[in-house]
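Residues per chain are reported as follows:
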Amino acid sequence: MARSVSSRRKLINTGLAWAIGLLIFFPILWTILTSFKTEAQAIASPPIFLAFDWTTENYGVVMERSDYGRFLMNSIIIAGGSTILGLIIAVPAAWSMAFVPSHRTKDILLWMLSTKMLPAVGVLYPIYLLFIQLGLLDSRAGLVVVMMLINLPIMVWMLYTYFREIPVEILEAARMDGATLKEEVLYILTPMAVPGIASTMLLNFILAWNEAFWTLNLTAVNAAPLTAFIASYSSPEGLFFAKLSAASTMAIAPILILGWFSQKQLVRGLTFGAVK
């Protein structure tokens, strides 16, 4: 039987949830508000929250100074390309570990997860030299491969978890009906794991979109994404907080829109195992 919850308890829980949500969202809100201030108002002490002269001058300066469309397209290609390439590798890998496990499967999963514990700067130098030798420095293709490799362990782990929730009997029935391995993965497994695949894709896309270390070190001009676009507003002359906030708002706006439209699918995918 379900435990009864009083109206007061519901009100308290709702208030706490909203408070935590607003606390998490406040840095983004403050960045957006700062983008509409003048530089003097942006560094005013005490800070000005809403009582300031709203201006869009910072956005005009950012658009005049930088080619926002080029940075945006680079981010879309790098994040989208690494996500698609990662899925091509992660789906078969997770399938084999979930449905054809060996006595080394758990060790491999732990080893893959342990690679995320390695500081990125520890492998920067060899990757940088490798990129120079292969001609991949400041290229979209090189960043797609790097983003895919650094996020691949997370993708395999997530897909492995979702695939384990699918009854093996369904796949066995498909094999008895004459389904090949390719048909089993494409037409039986993939449709049943759509929520998990969707949430994995969204998470990987966001991680690749927000990655700054590799994009700042492996690009200069041609393949620079929005993270480099934001960093360009930090100069030796000082931090221009209002213009930096405008650039940051323009960079996070596409991912906020994507998250807004994908939140239902993401929640459904993350709770897929629990529902099962």
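Preceding block: the structure.
**Student:** I keep staring at the overall build of the chain and nothing clicks. Help me out?
**Tutor:** A count of helices and strands for the chain gives 14 helices and two strands. Each of the 276 residues in the chain was classed as buried or not, and the buried ones make up 35%. By sequence separation, contacts in the chain at least 24 residues apart represent 77% of the contacts at least 6 residues apart. Taken as a whole, the chain presents about 16,500 Å² of accessible surface, with 69% of it coming from carbon and sulfur.

**Student:** What is the right way to look at the packing of helix H4 (residues 68–99) against helix H9 (residues 181–192) in this model?
**Tutor:** Two packed helices can be described by the angle between their axes and the distance between those axes. Viewed as axis vectors pointing N to C, H4 and H9 meet at an angle of 95°, and their least axial separation amounts to 12 Å. Relative to H9, H4 is oriented roughly perpendicular. The segment H4 lies against H9, with Val 91, Trp 95 and Phe 99 engaging Leu 181, Glu 184, Val 185 and Leu 189. In terms of residue class, the contact of H4 with H9 is made up of six nonpolar, no polar and one charged.

**Student:** For this particular structure, what's the right way to read the packing of aromatic side chains?
**Tutor:** In this description, an aromatic ring pair is defined by two values, namely the gap between the centres and the angle between the planes. Under the defined criterion, the tally for this structure stands at 12 aromatic pairs. Their ring planes at 50° and their centres at 6.4 Å tell us that Trp 95 and Phe 99 sit as a pair that is tilted. Here Phe 99 and Trp 95 lie together in helix H4, a separation of four residues that amounts to about one turn. Each member of the pair Trp 95 and Phe 99 is classed as buried. In this structure an aromatic cluster arises from ring pairing among Phe 36, Phe 52, Trp 54 and Tyr 59. The ring of Phe 52 has Lys 37 lying over it, and the distance from NZ or CZ to the ring centre is 5.3 Å. Directly above the aromatic system of Phe 71 lies the positively charged group of Arg 70, at a separation of 4.6 Å from the ring centroid.

**Student:** Looking at this model, I keep getting lost on helix H3 (residues 57–65). Mind explaining?
**Tutor:** Note that an α-helix has 3.6 residues per turn; residues three or four places apart therefore point the same way. Burial in H3 covers these residues: Asn 58, Tyr 59 and Val 62. Angularly, the buried residues of H3 cover 100° about the axis, an arc narrow enough to put them on a single face. Of the residues in H3, the exposed ones pointing more than 90 degrees away from the buried face are Glu 57 and Glu 64.

**Student:** Looking at this structure, I do not really get the side chain of Thr 215. What am I missing?
**Tutor:** Topologically, Thr 215 is positioned in helix H11 (residues 213–218). Only 2.8 Å separates the side chain of Thr 215 from the side chain of Thr 227, close enough to count as a polar contact. Excluding residues that lie within four positions of it along the chain, Thr 215 makes contacts with Leu 143, Met 147, Pro 225 and Thr 227.

**Student:** Help me understand the packing of H4 against helix H10 (residues 194–210) in this model?
**Tutor:** One can describe the packing of H4 onto H10 by two numbers: an axis separation of 9 Å at closest approach and a directional angle of 140°. Overall, the two elements H4 and H10 adopt an arrangement that is oblique. Here H4 and H10 pass one another in a crossing that is right-handed. On H10, the residues that touch Leu 72, Ser 75, Ile 76, Ala 79, Gly 80, Ser 82, Thr 83 and Leu 87 of H4 are Ile 197, Met 201, Asn 204, Phe 205, Ala 208 and Trp 209. Looking at the contact of H4 with H10, its residues break down into nine nonpolar, five polar and no charged.

Rules and cut-offs
- Residues numbered from 1 in each chain as written.
- Predicted model: local features only at pLDDT ≥ 70, side-chain atom pairs only at ≥ 80, totals over all residues.
- Heavy atoms only, no water.
- Helix = DSSP H or I, 4+ residues; strand = E, 2+ residues; numbered from the N terminus.
- Buried < 20%, exposed > 50% of the residue type's maximum accessible area, 1.4 Å probe, protein only.
- Contact = heavy atoms within 4.5 Å.
- Areas by Shrake-Rupley, 256 points an atom, 1.4 Å probe, with all protein chains shown as cover.
- Axes fitted to C-alpha atoms, helices over the stretch in contact; angles between N-to-C directions.
- Parallel < 35°, antiparallel > 145°, perpendicular 65-115°, else oblique.
- Nonpolar A, V, L, I, M, F, W, Y, C, P; charged D, E, K, R; others polar.
- Phe/Tyr/Trp six-rings, centres within 6.5 Å; stacked < 30°, edge-to-face > 60°.
- Lys NZ or Arg CZ within 6 Å of the ring centre and 35° of its normal.
- Arc of directions from axis to C-beta.
- Polar contact = N/O pair within 3.5 Å; in protein donor to acceptor, adjacent residues only side chain to side chain.
- Left-handed = near helix turned anticlockwise from the far one by under 90°.

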